[in-house]
Number of protein chains: 2
Amino acid sequence: MSCAQPYALQLRARGYRMTPQRLAILHVLHHSGKHLSPSEVYQQACVELPGLTETTVYRTLEFLTENGLARPAYMGSGHLVYEIAGHEHHHLKCRICGHEMEVRHDLLKTLYRQLESESGYRLTDSHVTFIGLCPDCQKGE
Amino acid sequence: MSCAQPYALQLRARGYRMTPQRLAILHVLHHSGKHLSPSEVYQQACVELPGLTETTVYRTLEFLTENGLARPAYMGSGHLVYEIAGHEHHHLKCRICGHEMEVRHDLLKTLYRQLESESGYRLTDSHVTFIGLCPDCQKGE
DNA sequence: ATTCTTATTGCAACTTTTTACAATAGTATA
DNA sequence: TATACTATTGTAAAAAGTTGCAATAAGAAT
Ligand SMILES: [Mn+2]
Ligand SMILES: [Mn+2]
Ligand SMILES: [Zn+2]
Ligand SMILES: [Zn+2]
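Residues numbered from 1 in each chain as written. Chains lettered and ligands numbered in written order. Predicted model: local features only at pLDDT ≥ 70, side-chain atom pairs only at ≥ 80, totals over all residues. Heavy atoms only, no water.

### Remarks on the protein's contact with DNA strand C
Next up, step 1: DNA strand C sits among 19 residues. The nearest are R17 and Y58 of chain A together with R22, T56 and R59 of chain B.
Next up, step 2: When atoms of DNA strand C within 4 Å of the protein are split into backbone and base, the sugar-phosphate part holds 64%.
Next up, step 3: Here a phosphate oxygen of DNA strand C sits 3.0 Å away from a polar atom, N or O, in the main chain of M18 of chain A.
Next up, step 4: T55 of chain B is positioned with one of its side-chain polar atoms (N or O) 3.5 Å from a base nitrogen of DNA strand C.
Next up, step 5: At the level of elements, helix 4 (54-66) of chain A together with helix 2 (20-32) and helix 4 (54-66) of chain B are the ones that each hand at least two residues to the surface near DNA strand C.
Next up, step 6: Here the surface near DNA strand C is composed, by residue class, of four nonpolar, nine polar and six charged. (Near = heavy atom within 4 Å. Polar contact = N/O pair within 3.5 Å; in protein donor to acceptor, adjacent residues only side chain to side chain. Helix = DSSP H or I, 4+ residues; strand = E, 2+ residues; numbered from the N terminus. Nonpolar A, V, L, I, M, F, W, Y, C, P; charged D, E, K, R; others polar.)

### Points about the domain arrangement of chain A
Residue and element names in this part refer to chain A.
Next up, step 1: Domains assigned within chain A are domain 1 (2-84) and domain 2 (89-139).
Next up, step 2: Placing the centre of domain 1 and that of domain 2 at their C-alpha centroids yields a distance of 24 Å.
Next up, step 3: Across the domain 1/domain 2 interface, buried area totals approximately 690 Å², and carbon plus sulfur atoms make up 48% of it.
Next up, step 4: Area buried by domain 1 at its contact with domain 2 is led by R71, M75 and E83, which between them contribute 63% of it.
Next up, step 5: At the surface where domain 1 touches domain 2, the tally comes to one salt bridge.
Next up, step 6: As a salt-bridge pair, R71 and D125 come within 3.4 Å of each other at their nearest N and O atoms.
Next up, step 7: The tally of links from domain 1 across to domain 2 stands at seven residue pairs in polar contact (both at pLDDT 80 or more).
Next up, step 8: At four residues, strand 1 (residues 70-74) tops the list of elements feeding residues into the side of domain 1 that touches domain 2. (Domains from an automatic or database assignment. Buried area = accessible area lost by both parts, 1.4 Å probe. Salt bridge = Lys/Arg side-chain N within 4 Å of Asp/Glu carboxyl O.)

Here you go:
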């Protein structure tokens with residue numbers, strides 16, 4: 001529960017409240033380190049906070065996303081997964097074995113600048129997942 | 001219905017069948033040109049083919065995706081939308097007004113090569129959506 | 001034209017996700 | 001510490017999306 005303080009402050013600064021539900025969900029995301037589906041978040045957070053509902057989990061994940069504490073990732077499974085918002089990164093996933101690796105955001109910096117100057121948009125966010133064949137799975141082709 | 005021939009051939013070459021359901025759905029995607037949700041596809045295709053079911057629409061959109069005739073896009077709404085698979089492109093969307101524009105795939109070519117050499121993966125696909133503020137919406141900031 | 005194989009569909013049941021609204025409970029203020 | 005304000009939650013119902021299976025029909029073979 002020691003991870004709570006900074007999150008509480010961030011929320012309060014924006015006029016929102018820290019609640020046992022948000023705390024439990026943040027705790028799960030913070031200590032898991034992995035990508036979790038809403039259902040996985042629900043199951044794990046329920047242990048810490050019995051009575052938590054799935055509705056609240058969905059709402060909270062969206063809320064945390066909007067406030068920069070969580071990040072959704074569309075990994076091609078057709079369903080969103082979530083992770084705690086630490087360093088900004090993207091994903092590269094093997095379409096055969098499912099192996100995932102992170103893509104540093106600075107690899108996209110040049111592209112970002114190029115896009116901004118071409119389009120006139122100011123980029124603030126992106127959903128980026130690359131899919132391919134990992135070195136192992138390329139051998140079996 | 002004149003758009004059907006090439007699609008039918010592509011499917012048959014892979015051992016699959018062309019059906020009135022697939023034809024109606026392809027027809028909708030082909031002539032819409034826009035991104036459509038499964039529900040929009042269902043409603044429009046139903047006009048051409050009464051009796052079509054939503055189950056079939058979901059299954060067909062996934063089938064067409066796997067076979068390269070349709071492409072899903074995750075536009076940040078939390079729901080997938082689909083479009084006919086023409087030229088390869090990505091998307092840039094304004095988080096305020098929702099305005100969308102296309103991003104040419106060749107802008108990502110350099111990044112693709114860099115990623116492949118860094119990771120050892122062979123890239124085959126990607127889900128890429130950029131989000132930001134369009135020129136108009138930047139003024140109101 | 002008829003038969004055969006099996007890919008594809010519709011149906012019904014199920015799971016996942018969203019929504020509306022009244023009850024609850026953070027937190028600021030006195 | 002008690003009070004007031006309203007953000008947040010749980011409940012129940014609806015909507016969106018998935019799955020298993022028996023019936024159907026596309027297309028190849030005869
Ligand atoms: Mn990640
Ligand atoms: Mn598009
Ligand atoms: Zn692999
Ligand atoms: Zn805009």
